[in-house]
Amino acid sequence: MKKSKLIGLLLLVFTVYTIVGMVVDDATYWQIYNYVTIIFSVISGIVLLKQG
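Residues numbered from 1 in each chain as written. Predicted model: local features only at pLDDT ≥ 70, side-chain atom pairs only at ≥ 80, totals over all residues. Heavy atoms only, no water.

### A closer look at helix α2 (residues 27–51)
Item 1. Over its 25 residues, α2 runs 36 Å from end to end, which matches the ideal 36 Å to within 8%, given 1.5 Å per residue.
Item 2. Residues Tyr 33, Phe 40 and Ser 44 constitute the buried set of α2.
Item 3. Where α2 is buried, its residues meet α1 (3–24). (Helix = DSSP H or I, 4+ residues; strand = E, 2+ residues; numbered from the N terminus. Expected span 1.5 Å × (residues − 1). Buried < 20%, exposed > 50% of the residue type's maximum accessible area, 1.4 Å probe, protein only. Contact = heavy atoms within 4.5 Å.)

As structure tokens, this is what we get:
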């Protein structure tokens, strides 16, 4: 699977987790979600910049 397709798939997964978080509405969930999102964004940005 190409890296850009994997990143797109992970973005869709994050969409599902966002919806789940809106239903759960727990501060701990959002704290973990925020850290995972930051790490994912940094890694994805680096990968995409290296591809270009």
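### Let's talk about the environment of Tyr 17
Item 1. Relative to the helices and strands, Tyr 17 resides in helix α1.
Item 2. A C-alpha to C-alpha distance of 10.0 Å links Tyr 17 and Trp 30, two positions 13 residues apart in sequence.
Item 3. Excluding its chain neighbours within four sequence positions, the residues that come into contact with Tyr 17 are Tyr 29 and Tyr 33.

### Some remarks on a nonpolar patch on the surface
Item 1. Taken together, the side chains of Leu 6, Leu 9, Leu 10, Leu 12, Val 13 and Tyr 17 present a nonpolar region at the surface, about 520 Å² in accessible area.
Item 2. By secondary structure assignment, the location of Val 13 is in helix α1. (Patch = residues over 30% accessible without salt bridge, like charges linked within 9 Å, V, L, I, M, F, W, Y side chains within 5 Å. Areas by Shrake-Rupley, 256 points an atom, 1.4 Å probe, with all protein chains shown as cover. Salt bridge = Lys/Arg side-chain N within 4 Å of Asp/Glu carboxyl O.)

Shape descriptors only; they carry no functional weight alone.
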